[in-house]
Amino acid sequence: MAMALLDSVNRLLASGHYQPLLSVIKGLRNGAVYGAKVRLPHSLVMTLLFKRGSLKDMSKGIFEATYTHSRNLALFVFSYKALTSLMAVAQNKPEQFHSFAAAFCAGYFIFGKYNKVNEQINLYLLSRILYGLAKLAVKKGFIPKPKGDTFPWFAAIVWGIVLWLFEYESDTLQPSLRSSMTYLYHDSNKWQSFKNFLIYNK
């Protein structure tokens, strides 16, 4: 009985029928798995490096961050794929603006609620799209292609601004970035003995 059911499911999946609907379901699955894969190690490392508290509290924080990332990414992929599919059906073909419109709506409702996980994801994407838009402007001819290597200048500007902000306007930076930079740049100014000079931070 179970084998017959599995064979039927496999035939349906291989047939190509219901492809838009099935891709929405697979997108939900992939969003949940990817979100957990990305967030769990990140939360674990950041908690071990920077958080203090009971094992129960730290474990709860790791679980909550992983769950939030996984759930939100799964819901976003599901919503985005469902909306783009519905718009393509309504207009008899996919259009470029469908991607923006679907992601705009899903982003507002899913990633628009403020929490630390959503803030980090949105900031990550912001850096990627600014970089992508600069490359697109060159590709489309809106700005001339640079004659030399611009990456060193890009790195110099990014690091110059972030360290200036950290040293003089640190309240404007995201807390996790501020914690990382405090560890790197300020904690390295403090020690009383060999133990907290090379073995431990504090």
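Here goes a summary of the coordinates provided.

Cut-offs and rules
- Residues numbered from 1 in each chain as written.
- Predicted model: local features only at pLDDT ≥ 70, side-chain atom pairs only at ≥ 80, totals over all residues.
- Heavy atoms only, no water.
- Axes fitted to C-alpha atoms, helices over the stretch in contact; angles between N-to-C directions.
- Helix = DSSP H or I, 4+ residues; strand = E, 2+ residues; numbered from the N terminus.
- Left-handed = near helix turned anticlockwise from the far one by under 90°.
- Contact = heavy atoms within 4.5 Å.
- Nonpolar A, V, L, I, M, F, W, Y, C, P; charged D, E, K, R; others polar.
- 1 Å grid on protein atoms, 1.4 Å probe; cavity = no way out; pocket = protein on both sides within 12 Å on 5 of 7 lines; lining within 4 Å.
- Points joined across faces, edges and corners; volume = space filled by probe spheres on them.
- Parallel < 35°, antiparallel > 145°, perpendicular 65-115°, else oblique.
- Salt bridge = Lys/Arg side-chain N within 4 Å of Asp/Glu carboxyl O.
- Expected span 1.5 Å × (residues − 1).
- Buried < 20%, exposed > 50% of the residue type's maximum accessible area, 1.4 Å probe, protein only.
- Phe/Tyr/Trp six-rings, centres within 6.5 Å; stacked < 30°, edge-to-face > 60°.

Further remarks concern the packing of helix 3 (residues 55-91) against helix 4 (residues 96-111). The N-to-C vectors of helix 3 and helix 4 enclose an angle of 145°; their axes lie 9 Å apart at closest approach. In this structure, the crossing between helix 3 and helix 4 has a hand that is right-handed. Residues N72, L73, L75, F76, S79, Y80, L83, T84, M87, A88 and Q91 of helix 3 pack against F97, H98, S99, A101, A102, A103, C105, A106, G107, I110 and F111 of helix 4. The residue makeup of the contact of helix 3 with helix 4, split by class, is 15 nonpolar, seven polar and no charged.

Looking now at the layout of surface pockets. What the largest pocket holds in volume is close to 1700 Å³. If you go around the largest pocket, you meet 42 residues; those closest to its centre are L123, Y124, L125, L126 and S127. Elements that contribute at least two residues to the lining of the largest pocket include exactly helix 2 (19-50), helix 3, helix 4, helix 5 (116-139), helix 6 (151-168) and helix 7 (175-186). Take the lining of the largest pocket: its biggest share by element is twelve residues, from helix 5. Residue composition of the lining of the largest pocket, grouped by class: 29 nonpolar, eleven polar and two charged. For the second largest pocket, the calculated volume is near 560 Å³. The wall of the second largest pocket is formed by 23 residues, among which T47, K51, A65, K116 and Q120 lie closest to the centre. Breaking the lining of the second largest pocket down by element, the ones donating at least two residues are helix 2, helix 3, helix 5 and helix 7. With seven residues, the single largest contributor to the lining of the second largest pocket is helix 3. Grouping the amino acids of the lining of the second largest pocket by side-chain chemistry returns seven nonpolar, ten polar and six charged.

For the pair helix 3 and helix 5, the least separation of the axes is 9 Å and the interaxial angle reads 55°. The pairing of helix 3 with helix 5 is recorded here as oblique in orientation. As helix 3 packs across helix 5, the resulting crossing turns out to be right-handed. Listed contacts from helix 5 to A65, T68, H69 and N72 of helix 3 are V117, N118 and I121. Classifying every residue of the contact of helix 3 with helix 5 by side-chain character gives three nonpolar, four polar and no charged.

All right, on to the pattern of salt bridges then. Side chains that carry opposite charge are capable of pairing whenever their charged atoms lie near each other. Taken as a whole and judged by the stated rule, the model has two salt bridges. Where E95 meets K93, a salt bridge forms, and the shortest distance between an N and an O atom there is 3.6 Å.

Turning our attention to helix 3. Since there are 3.6 residues in each turn of an α-helix, residues three or four apart along the chain are aligned in direction. An ideal rise of 1.5 Å per residue puts 54 Å on 37 residues; helix 3 measures up with 54 Å between its terminal C-alpha atoms. Burial in helix 3 covers these residues: I62, A65, T66, T68, H69, S70, N72, L73, A74, F76, T84 and A88. Of the surrounding secondary structure, the elements contacted by the buried residues of helix 3 are helix 2, helix 4 and helix 5. Directly beyond the C-terminal end of helix 3, a positive phi value near 65° is found at N92.

Before going further, it helps to examine the packing of aromatic side chains. Counted by the stated rule, this structure contains eight aromatic pairs. Aromatic side chains F76 and Y80 sit 6.2 Å apart centroid to centroid with 10° between the ring planes, which places their arrangement in the stacked category. Taken together, the positions of F76 and Y80, both in helix 3 and four residues apart, correspond to about one turn of that helix. Using a relative accessible area of 17% as the deciding quantity, one classes F76 as buried. Residue Y80 is classed as partly exposed on the basis of its relative accessible area of 24%. Plain terms: the ring middles of F76 and F111 are 5.6 Å apart, the flat faces sit at 50° to each other, and that makes the pair tilted.

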